[in-house]
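One letter stands for each residue in the lines below.
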Amino acid sequence: MTERGQRHVQRSASRLAIGPSALEWGDGGLTIAIDEWANPVPRRVRGTVRLRPGALTDYVAALDPRSRHRWGPIAPCARVEVCLEQPALRWQGHAYLDSNEGDEPITEAFTTWDWMRAPLPDGSTLVVYDVHGQEEREGRLIGTRFAADGSASAVELPPRQSLAPTGWRVRRGVRSECPPGPQTTVVRTLEDTPFYARSLVRTRLAGHDVLAMHETLSATRFGSRWVQALLPWRMPRRG
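For the structure given in this document, a descriptive report is provided here. This one's a predicted model, so the numbers in the text were calculated from it and none came from an experiment.

Cut-offs applied
Residues numbered from 1 in each chain as written. Predicted model: local features only at pLDDT ≥ 70, side-chain atom pairs only at ≥ 80, totals over all residues. Heavy atoms only, no water. Helix = DSSP H or I, 4+ residues; strand = E, 2+ residues; numbered from the N terminus. Polar contact = N/O pair within 3.5 Å; in protein donor to acceptor, adjacent residues only side chain to side chain. Contact = heavy atoms within 4.5 Å. Pairing = 2+ DSSP bridges. Axes fitted to C-alpha atoms, helices over the stretch in contact; angles between N-to-C directions. Salt bridge = Lys/Arg side-chain N within 4 Å of Asp/Glu carboxyl O. Buried < 20%, exposed > 50% of the residue type's maximum accessible area, 1.4 Å probe, protein only. Core = buried A, V, L, I, M, F, W, Y, C linked by side-chain atoms within 4.5 Å. Patch = residues over 30% accessible without salt bridge, like charges linked within 9 Å, V, L, I, M, F, W, Y side chains within 5 Å. Areas by Shrake-Rupley, 256 points an atom, 1.4 Å probe, with all protein chains shown as cover. Phe/Tyr/Trp six-rings, centres within 6.5 Å; stacked < 30°, edge-to-face > 60°.

**Re the side chain of T216**
1) Next: Examined against the element boundaries, T216 turns out to sit in strand β18 (residues 208–218).
2) Next: Polar contacts involving the side chain of T216 include one to the side chain of D114, which spans 2.5 Å.
3) Next: Once residues lying within four places of it in the same chain are set aside, the contact partners of T216 are W113, D114, V170, R171, R172, F195, Y196 and A197.

**Section: the sheet that holds strand β13 (residues 152–154)**
1) Next: Here we have 7 strands laid out as an open sheet, ordered β13-β12-β11-β10-β18-β17-β16, and antiparallel in their pairing. What marks the edges here is a single partner per strand, and that holds for β13 and β16 (185–192). Strand-to-strand twist in this sheet, taken as the mean axis angle between neighbours without regard to direction, amounts to 20°.
2) Next: Sheet analysis places strand β17 (residues 196–205) next to β18, joined by 10 bridges and oriented antiparallel. Looking at β18, one finds that V201 is bridged to A212.

**Examining the pattern of salt bridges**
1) Next: Scanning all chains against the criterion turns up 17 salt bridges.
2) Next: Among the ionic pairs, R70 bridges to D103, the shortest N-O distance being 3.2 Å. Of the two residues, R70 is situated in strand β8 (residues 69–86) and D103 in the loop between β9 (89–102) and β10 (110–119); the sequence distance between them amounts to 33 residues.
3) Next: For R70, a relative accessible area of 19% translates into the label buried.
4) Next: Each of D114, D130, R160 and R175 takes part in salt bridges that share partners, so that together they form one network.

**Some points on the nonpolar core**
1) Next: Grouped together as the largest cluster of nonpolar side chains are 19 residues, with contacts concentrated most on L63, W71, F110, W113, W115 and Y129.
2) Next: Every element with two or more residues in this core is listed here: β10, β11 (125–133), β12 (140–146) and β18.
3) Next: Those residues within four positions of W113 in sequence are excluded, and the remaining contacts are L63, N100, Y129, D130, V131, E215, T216 and L217.

**What to know about the environment of G29**
1) Next: Following the sequence through the fold, G29 ends up in strand β5 (residues 29–38).
2) Next: In this structure G29 comes out as buried when scored by relative accessible area, which is 8%.
3) Next: On a C-alpha basis, the gap between G29 and A75 in space is 10.0 Å, while along the polypeptide they are 46 residues apart.
4) Next: Residues in contact with G29, not counting those within four places in the same chain, are E24, L51 and P53.

**Concerning a nonpolar patch on the surface**
1) Next: Together, V9, L16, I18 and L23 give the surface a local cluster of nonpolar side chains, amounting to about 250 Å² of exposed area.
2) Next: In this structure L16 comes out as partly exposed when scored by relative accessible area, which is 31%.

**Some details on the packing of aromatic side chains**
1) Next: Under the counting rule described, the total for this entry stands at 9 aromatic pairs.
2) Next: Taken together, the ring pairs in this structure connect Y59, W71, F110, W113, Y129 and F146 into an aromatic cluster.

**Looking at unusual backbone geometry**
1) Next: Here the bond from N39 into P40 is cis, since omega is 5°, no more than 30 degrees from zero.
2) Next: For the bond running from Q86 to P87, omega is -10°, close enough to zero to count as cis.
3) Next: Turning to its location among the elements, P87 is positioned in the loop between β8 and β9.
4) Next: Even without being a glycine, S67 presents a positive backbone phi close to 60°.
5) Next: Tracing the sequence through the fold places S67 in the loop between β7 (61–62) and β8.
6) Next: On the basis of relative accessible area, S67 is assigned to the partly exposed category, the value being 36%.
7) Next: Phi at R169 is positive, roughly 65°, even though this residue is not glycine.
8) Next: For R169, the position within the fold is in the loop between β14 (160–163) and β15 (172–175).
9) Next: When its relative accessible area of 58% is taken as the criterion, R169 is described as exposed.

**Looking at the environment of R66**
1) Next: Within the fold, R66 resides in the loop between β7 and β8.
2) Next: Residue R66 is classed as partly exposed on the basis of its relative accessible area, which comes to 44%.
3) Next: Spatially, the C-alpha atom of R66 lies 9.3 Å from that of A109, the residues being 43 residues apart in sequence.
4) Next: Of note is the side chain of R66, whose polar atom sits 3.3 Å from the side chain of E104.

Structural data, given as structure tokens:
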């Protein structure tokens, strides 16, 4: 929400504080205390998010051929409780926590990627990474199903289908066992930016009709000068 300098960051084995907000691991899971201002229209965002993992994993997958970019689902099957004071919002439901790390900017390795997470009826979670790289023009496809106990198994994925472009004309796609048509569709776009979109998508995977969380990232668009000039308006910098 806000980029901050080193003097505004503190961390220990179980806690990370960035400015007035913090994340802390405890016996019940991960507690995220948020105290921020929305941008560009100033509005207070304050409250608590509690994540209760079903199991923690040490699974890590490389997203590029040189393993300079890695993805790891920390808690692929979890529950979340959201309690915001400003704005006044409360809800709870299934959740997911992962980590991305890299040894270079994402623009060095990727052109685009589509990511998707779908909870399945047996309590497992299916995660799909559909990556298009600078070096691998044919892309890299990762499909993994995580059981409630955190164990992972590879999943064979169906062909890719195109979804309607975003308002910023970012192209996006999804894997689906359905024939092209209304069975595979964007239910709602939750975030639409010049280089990134997050949406709810209805599709069919692993023999189930699912409502999945879906994201599309255009690293090429992100690296463009005009997008870089816009970023401070959405994410201010302090210190």
